[in-house]
Amino acid sequence: MKSKVFSLLILGLLGWLNVADGYADEVQQLSTPASIEGRINKEFKAGNLAGLHSSIFWHRGKIISTNHFAGEDRTFGRPLGKVEHSATTLHDLRSVTKSIVALLYGIALEEGVVPVVKYSLVDSFPEYVEFSNDQQRRRISIHDTLSMQMGLEWNEDLPYTDPRNSETAMELSKDRIQFALGQPIIEPPGQRWVYGGGSTELIAKLIEKNTGKSLSEYAKEKLFKPLGISKFEWITANDGREVAASGLRLSAMDLLKIGKLILDDGLHKNKQIISKQWLGQAFTPHSETPYDGIHYGYFWYVSSKSTPSQWVAGFGNGGQRLLIDKKNQLIQVVLAGNYNQRDAWKIPAKLLDDIVLPALQAKAMKDDVALHYSCRGDGSKHTEINVAEYALIGGVKQWVTIKSKNCSNPIVLMVHGGPGNPLSLYHDSLYQDFEKHFTIVHWDQRGSGRTYRAQFETGKLTMEKITNQNLSIELLVKDGVEVSDYIRNKLGQDKLIISGSSWGAFLATKIVHSAPNRFHFYVGLSQLVNGHKTYTASYNKVKALATEKNDLATLDTLNRIGPPKWSNPASYGKLRRIISRYEREAAGKVVQWQVAKEYLAEVSNPEYIFAEEFSFLRYIGLNDDGMIENISLDDCCTHLKVPIYMIQGQKDLLTVPEVTKKYFDEITAPEKKYIGIENSGHDPSIEMVKVHLDTLKLGAKKYIHTRGGHY
């Protein structure tokens, strides 16, 4: 029966390293099986897990929690009364049954007794002669059937108590196969995913008639017995055949055995029960469901279009779930009694996202910090640190570097500008002097630098890549908070300093506003405040200067592009080039951006350049849909809960002082200070870099308390 799944169902698996504000301290206590079980028991008693019958989580070779509760239950609609559930109590799997049937077909295919998936479905049922000359229907393949893309009319959106529901009508029919095969054709096969139990009945019948055994007999011999599953039931319909779409009953512990078999690529005790090749086919995304981030293989839900999928799952009516996350070596088994409730998915989602994943995150953080325990000292040991690594942030590998002459120094998270212009490759030319006083962390944001190369497939930047890949302010803010947690735990410090320039100053302000308890104070340079206001003020100021200089060529360019908003990204580039030229003439000496030797080979690689282009185009947008449209700190972030410093070049022609100072004046904060630098433009001058370091030292002395007193 149809499982109601939504995008929130797998939030934790899309970014399972995220601990919410105010929850981190609590989940630090949930890193042992007993504490996870205790939290689930507590939530159940509080009424937050109503209808939950059994829950088992397995992680990296062992069960980390197992919870079972008494509750009202049914079997295929028939009341069972109150059942004392245990790890071995039989329970309806509902539509998880479909996923088991897919495994059985793979076993039969390996034995050579059922047709290959490209074969015609109708031709596999020659006994139904009424369909043999229907050429349209004959084009439906077994592949189309397994991936629920048959092109036939089918509706399970109606309640299962409604005889118009297609599965209910099929179960009430005299011949389920004839019913499923004979539904009206509404489109060519392979075009669209339409959920339907009829497809599973057809696949099950192929197993039965080609093996000469009932579905339960074949399952017992080929799957259950080899796994040590001796107790199961399979509900039968009026014709005496098993209900293939939703009739299997297993215990939670035995369902876990199937999950472990899948995690081990079909191998059990050195015996290949299911071929690895078939599992690869079954877990390949063949069709797209209406649910964000969820695709469909062969009777299995899968995580995305990528191959292999990060997770695969069977979902069943009432909250049944078997989820296998191979990447993180995690299995979730849930059995519940919330049948025919549209929000039944919330119970297994809450177990995973709110309890288990945060607990595993806390443990992972502790384990990671232990690798760098020397950085938790009192500062008496001047231990240098030089780390360059990928960290899993928001479910994506993101590049992080950490450098310091003393790893117990206060930490500064540098948020780079652009977007798309990481600072990690310029660290040695800009921040070596900072290392004496601070631990400097650079993070290549999602879509930038080395993170881009890890996040996206390599190759030429295409319009499809630009429009299909997700990059948003909200996502980057979440990443920034998670990076902060990663660094705090890795180096054993409660809080960081956060600093950013231009776009990075905007993003850092959003991060501080989102999670102030993680930061000592904030230092912004060349503060980007409001996308539309900033570029409008910049355009007007540059045009006034061009008029004053009688720079006719520049005026011609500015008149041709006109004032913002611009629909052509090239207009932003033209203004930026004019600004760079004018600032070189008026501002002081800028720093020399020198690429560190370990990055020299890749910065000339087109793929590294693509990252900057990708981020810029997602920032500007192609149809007034870029991130710039949502940049408005003066609307969202005028109340900050940490001290702030703003360093502003008075000759900055991009993030002009007039806009920055107006925003600064509107801010309420525990303390704030505006620092204007007379001969500095948008790009950092030598003087600005010096003021930046001095400001960090001033803030650290004032706001950071070490074990020996103040910084």
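Cut-offs and rules
- Residues numbered from 1 in each chain as written.
- Predicted model: local features only at pLDDT ≥ 70, side-chain atom pairs only at ≥ 80, totals over all residues.
- Heavy atoms only, no water.
- Helix = DSSP H or I, 4+ residues; strand = E, 2+ residues; numbered from the N terminus.
- Buried < 20%, exposed > 50% of the residue type's maximum accessible area, 1.4 Å probe, protein only.
- Contact = heavy atoms within 4.5 Å.
- Areas by Shrake-Rupley, 256 points an atom, 1.4 Å probe, with all protein chains shown as cover.
- Expected span 1.5 Å × (residues − 1).
- Arc of directions from axis to C-beta.
- Axes fitted to C-alpha atoms, helices over the stretch in contact; angles between N-to-C directions.
- Parallel < 35°, antiparallel > 145°, perpendicular 65-115°, else oblique.
- Left-handed = near helix turned anticlockwise from the far one by under 90°.
- Nonpolar A, V, L, I, M, F, W, Y, C, P; charged D, E, K, R; others polar.
- Polar contact = N/O pair within 3.5 Å; in protein donor to acceptor, adjacent residues only side chain to side chain.
- Salt bridge = Lys/Arg side-chain N within 4 Å of Asp/Glu carboxyl O.
- pLDDT = per-residue confidence, 0-100.
- Phe/Tyr/Trp six-rings, centres within 6.5 Å; stacked < 30°, edge-to-face > 60°.
- Lys NZ or Arg CZ within 6 Å of the ring centre and 35° of its normal.
- Pairing = 2+ DSSP bridges.
- Right-handed = clockwise from strand over helix to strand, strands pointing away.
- Core = buried A, V, L, I, M, F, W, Y, C linked by side-chain atoms within 4.5 Å.

### A few points about the overall build of the protein
- Regarding its fold elements, the protein presents 26 helices and 25 strands.
- For the protein, the proportion of its 711 residues judged to be buried stands at 58%.
- Long-range contacts, defined as pairs at least 24 residues apart, comprise 71% of the intrachain contacts of the protein with a sequence gap of at least 6.
- With the model as given, the accessible surface of the protein reaches about 29400 Å², and the carbon-plus-sulfur share is 50%.

### A few points about helix H19 (residues 531-549)
- Taking 1.5 Å of rise per residue, 19 residues should cover 27 Å, and H19 covers 27 Å from first to last C-alpha, within 8% of that figure.
- Residues of H19 that are buried include every one of Gly531, Thr534, Tyr535, Ser538, Tyr539, Val542 and Ala546, and no others. Looking straight down H19, one finds that the buried residues subtend no more than 125° of arc, so they occupy a single side.
- Backbone geometry just after H19 places asparagine 550 at a positive phi near 55°.

### As for the packing of helix H17 (residues 473-491) against helix H18 (residues 503-514)
- Axis separation between H17 and H18 bottoms out at 9 Å; the angle between their running directions is 70°. The angle between H17 and H18 places the two elements in the roughly perpendicular class. Considering how the two elements wind past one another, H17 and H18 form a crossing that is right-handed. Residue-level inspection shows Ile473, Leu476, Val477, Gly480 and Val481 of H17 in contact with H18, the latter providing Trp503, Phe506, Leu507, Lys510, Ile511 and Ser514.
- Here the contact of H17 with H18 is built from residues that sort into eight nonpolar, two polar and one charged.

### Considering the side chain of glutamate 208
- With respect to the helices and strands, the residue glutamate 208 is situated in helix H9 (residues 197-211).
- For glutamate 208, a relative accessible area of 9% corresponds to the buried category.
- Here arginine 241 takes part through its side chain, which lies 2.8 Å from a polar atom of the side chain of glutamate 208.
- For glutamate 208, the contacting residues outside a window of four places in its chain are Lys213, Ser214, Leu215, Arg241 and Glu242.

### So, the pattern of salt bridges
- On inspection of all chains with the given rule, the structure shows 39 salt bridges.
- Across the salt bridge formed by glutamate 585 and lysine 549, the nearest N and O atoms sit 3.3 Å from each other. Of the two residues, glutamate 585 is situated in helix H21 (residues 569-586) and lysine 549 in helix H19; the sequence distance between them amounts to 36 residues.
- For lysine 549, a relative accessible area of 42% translates into the label partly exposed.
- Taking the shortest distance from any N to any O, the salt bridge between lysine 651 and glutamate 678 comes out at 3.5 Å.

### Concerning unusual backbone geometry
- Geometrically, the link from proline 564 to lysine 565 is a cis peptide bond, its omega value of 10° lying close to zero.
- Mapped onto the fold, lysine 565 is located in the loop between helix H20 (552-561) and H21.
- Even without glycine at this site, arginine 94 takes up a positive phi of about 50°.
- One can find arginine 94 in the loop between strand E5 (91-92) and helix H4 (96-110).
- Positive phi is not limited to glycine here, since phenylalanine 299 has a value of about 60°.
- As for its position among the elements, phenylalanine 299 is in the loop between strand E11 (295-296) and strand E12 (301-302).

### Considerations on the confidence of the model for the protein
- Per-residue pLDDT for the protein has a mean of 85; in total, 85% of the residues score no lower than 70.
- Counted against residues more than four places away or in other chains, residues 1-32, with its pLDDT under 50, gives 103 contacts.

### Section: the packing of aromatic side chains
- One pass over the structure, following the stated rule, counts 21 aromatic pairs.
- Arranged with centres 6.1 Å apart and planes meeting at 45°, the rings of tyrosine 105 and tryptophan 278 form a pair that is tilted. Within this pair, whereas tyrosine 105 is found in helix H4, its partner tryptophan 278 is found in helix H12 (residues 276-282), the two being separated by 173 residues in sequence.
- Relative accessible area serves as the criterion here: at 2%, tryptophan 278 is assigned to the buried category.
- Between the aromatic rings of tryptophan 311 and phenylalanine 315, the centroid separation amounts to 6.4 Å while the plane-to-plane angle is 55°, which identifies the pairing as tilted. You'll find tryptophan 311 and phenylalanine 315 in the same group, each marked buried.
- Taken together through their ring pairs, the aromatic side chains of Trp193, Tyr195, Tyr291, Tyr296, Tyr301, Trp311 and Phe315 make up a single cluster.
- If you follow arginine 94 out to its NZ or CZ, it ends over the ring of tyrosine 339, 4.1 Å from the centre.

### Focus on the sheet that holds E5
- The strand order across the open sheet formed by three strands is E5-E7-E6, and the pairing between neighbours is antiparallel. On the outer flanks of this sheet lie E5 and strand E6 (233-234), each paired with one strand and no other.
- As judged from the two bridges shared by E6 and strand E7 (residues 248-250), these two strands associate in the antiparallel manner. When the sheet's bridge partners are listed, glutamate 233 is paired in E7 with arginine 249.

### Observations concerning H4
- The end-to-end C-alpha distance of H4, which contains 15 residues, comes to 22 Å, matching closely the 21 Å that a straight helix rising 1.5 Å per residue would cover.
- Among the 15 residues in H4, 13 count as buried, and that is most of the element.
- The positive-phi residue at the C-terminal boundary of H4 is glycine 112, with phi of around 80°.

### Quick word on the sheet that holds strand E16 (residues 385-393)
- Spatially, eight strands are ordered E16-E17-E19-E18-E20-E21-E22-E23 in an open sheet, and the strand pairing comes out mixed. Two strands in the sheet have a free side with no partner beyond their single neighbour: E16 and strand E23 (672-677). For this sheet the average axis-to-axis angle between neighbouring strands, irrespective of direction, equals 20°.
- As defined by bridge partners, strand E18 (residues 411-415) adjoins strand E19 (residues 439-443) across four bridges and the pair is classed as parallel. What sits directly across from valine 412, in E19, is isoleucine 440.
- Here H18 sits on the sheet in contact with E18, E19, strand E20 (496-501) and strand E21 (519-525), set at roughly 145° to E20.

### As for the pairing of E21
- Where burial is concerned, most of E21 is hidden: seven out of the seven residues are buried.
- Here five bridges tie E20 to E21, and the two strands are oriented parallel to one another. Bridging from a neighbouring strand, isoleucine 498 pairs with tyrosine 522 of E21.
- Handedness of the E20-H18-E21 crossover: right-handed.
- Where E21 meets strand E22 (residues 644-649), four bridges bridge the pair, whose relative direction is parallel. Residue glycine 524 lies in a different strand from E22, and its bridge partner there is methionine 646.

### Side note on the nonpolar core
- In this structure, Leu223 and Ile258 are the most contacted members of the largest nonpolar core, which totals 81 residues.
- At nine residues, the largest contribution of residues to this core is made by H4.
- The contacts of leucine 223, once residues within four sequence positions are left out, are Ile100, Leu104, Ile107, Tyr218, Leu261, Ile273 and Ile274.
- Formed by 64 residues, the second largest nonpolar core is a distinct cluster that contains Val400, Leu555, Ile644 and Leu654.

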